[in-house]
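Okay, here's what each chain looks like letter by letter:
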Amino acid sequence: MTQHKIILITDFSKPWNNGWYYKSGFEKNGFKVIPFDPKSVKDGTDKIAGLIKEQNPAFILHTKFELPSSDFEYLRRFTKVIQWYPDPVIPENLPGYVKASDVFLTMSEGLIEEFYHFNKNVCYLSQAFEPSYFDIKEISGKDRKIFSADVAFVGNLGSQAQYLMRRQALEHIINAGFQLKWWGPRIPRKISTIPLIFGKLGKAYGGKFIWGEEYARVAQLSKIFIAFDSMPHIRKSMSARMYTAVGCGAFYLCRHVDGIEDVLMPDREIVTFRDEDEMMDKIKFYLINDLLREKIAAAGRERVLRDHTYEVRVRQMLEIIKNIVKF
């Protein structure tokens, strides 16, 4: 039987980039994946065309902006071009990619109607979890000292508008007397951020960006893993962070995203809040209810490992594509 192949066009420059997880998901479904990072070569589009002729892939899977959308028309002469866009934000150039794709997949169900103006072959496909990259070999006493906390946050606290609310909420948690540790890119050093860096929030910084095994340790050793999706009003726009944290075993407390209950059940597999007062009430409640907190975390992890891995998501992607274009 002939093995299906795909060309996966994305950024492979960092070991934590999602492209590695997609690759694993396809391989677990029996595909041969030909990874291609246009930033690593010159004349990338011509080289991709050569790969298509040589490898005869079922399709190209493209993620963000690695190629200009104007190149899609040329590549579509040789094979199908599928884009799986992993962000709820719509930059100015995104409609060009929606138009140029044979099939455009969005992780934000609430954006489909808007994308239909450019292409009717638009479908919702949420992100997922790749457990093989987050396997913990052991947890030492040193790990417990470094990664344990009442509340943990993993993400960006830069100066962009969508991050300012995160800063405020995390400072509220610290000021209420709870032990908080956060992990991610350092806060940019500017005159305006000096009070922040040397204040309570800066002192709660874990010291680095984490991924893989360290991410899993934070998820498991923190009592509460808190998250703030950027676009909660956009239906089912949850980031991959939810699947990763819950799949690693976290008790996940997040801002309520419209439609999230279709993916993970609030109060059974995750817990959600709609404002800071509710967030604080739930932190206080779950910190003193260990058994309930652990039960919810275990149920969430079981659900993610069953329904929300990239192995599962790739099968769902293939069904979507087969219903629209043949390969």
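Please read these numbers as outputs of a predicted model, since none were measured by experiment.

Visitor: Would you mind going over the packing of aromatic side chains with me for this structure?
Guide: Two measures describe an aromatic ring pair: the distance that separates the ring centres and the angle between the ring planes. Applying the stated rule across the entire model yields 27 aromatic pairs. Note on F12 and W20: the rings are 4.8 Å apart at their centroids and 75° apart in plane angle, and the pair reads as edge-to-face. Residue classification places F12 among the buried positions, given a relative accessible area of 11%. Taking the centre distance of 5.9 Å and the plane angle of 55° together, the rings of Y21 and F134 count as tilted. Of this pair, Y21 sits in helix α1 (residues 18-28) while F134 sits in the loop between β6 (122-124) and α6 (141-147); the two residues are 113 residues apart in sequence, bridging distant segments of the chain. Comparing Y21 with F134 shows no difference in burial state: the two are buried. Clustering of aromatic rings is evident, with ring pairs tying together Y21, Y22, W84, F129, Y133, F134, Y215, F225, Y252 and Y310.

Visitor: Which parts of the structure should I look at to understand the sheet that holds strand β1 (residues 5-9)?
Guide: Neighbouring strands of a sheet are bound in pairs by backbone hydrogen bonds; such pairs are parallel or else antiparallel. Taken together, six strands build an open sheet; the order of strands is β2-β1-β3-β4-β5-β6 and the sheet is parallel. Looking at which strands have only one partner, the edges of the open sheet turn out to be β2 (32-36) and β6. Geometrically, the sheet is characterised by an average inter-axis angle of 25° between neighbouring strands, direction not taken into account. Each of β1, β2 and β3 (59-62) touches helix α2 (residues 44-55); the most contacted strand, β2, lies at about 165° to it. Docked against the sheet, helix α14 (residues 310-324) engages β3, β4 (80-85), β5 (103-106) and β6, running at close to 135° with respect to β4.

Visitor: Before we go on, may I ask you to explain the packing of helix α7 (residues 161-175) against helix α12 (residues 276-287) in this structure?
Guide: In a packed pair of helices, the relevant descriptors are the angle between the two axes and the axis-to-axis distance. Contact geometry for α7 and α12: axes closest at 11 Å, N-to-C directions at 40°. By the angle class used here, α7 and α12 are oblique. For the pair α7 and α12, the crossing hand works out as right-handed. From α7, Q168, A169, H172 and I173 reach across to α12, where they touch E276, M279, M280 and I283. A class-by-class count of the residues in the contact of α7 with α12 yields five nonpolar, two polar and one charged.

Visitor: Which parts of the structure should I look at to understand the pairing of β3?
Guide: Along any regular strand the residues' side chains alternate between the sheet's two faces. Neither face of β3 is exposed, since F59 and L61 on one face and I60 and H62 on the opposite face are all buried. Note: β1 against β3, four bridges, orientation parallel. Note on β3: the bridge partner recorded for L8 is L61. The sheet contact formed by β3 and β4 spans four bridges and is parallel. Bridge assignment links F59 to a residue of β4, and that residue is K80. In this view, the connection linking β3 to its parallel neighbour β4 by way of helix α3 (residues 70-75) has right-handed handedness.

Thresholds, definitions, all that
Residues numbered from 1 in each chain as written. Predicted model: local features only at pLDDT ≥ 70, side-chain atom pairs only at ≥ 80, totals over all residues. Heavy atoms only, no water. Phe/Tyr/Trp six-rings, centres within 6.5 Å; stacked < 30°, edge-to-face > 60°. Buried < 20%, exposed > 50% of the residue type's maximum accessible area, 1.4 Å probe, protein only. Helix = DSSP H or I, 4+ residues; strand = E, 2+ residues; numbered from the N terminus. Pairing = 2+ DSSP bridges. Axes fitted to C-alpha atoms, helices over the stretch in contact; angles between N-to-C directions. Contact = heavy atoms within 4.5 Å. Parallel < 35°, antiparallel > 145°, perpendicular 65-115°, else oblique. Left-handed = near helix turned anticlockwise from the far one by under 90°. Nonpolar A, V, L, I, M, F, W, Y, C, P; charged D, E, K, R; others polar. Right-handed = clockwise from strand over helix to strand, strands pointing away.

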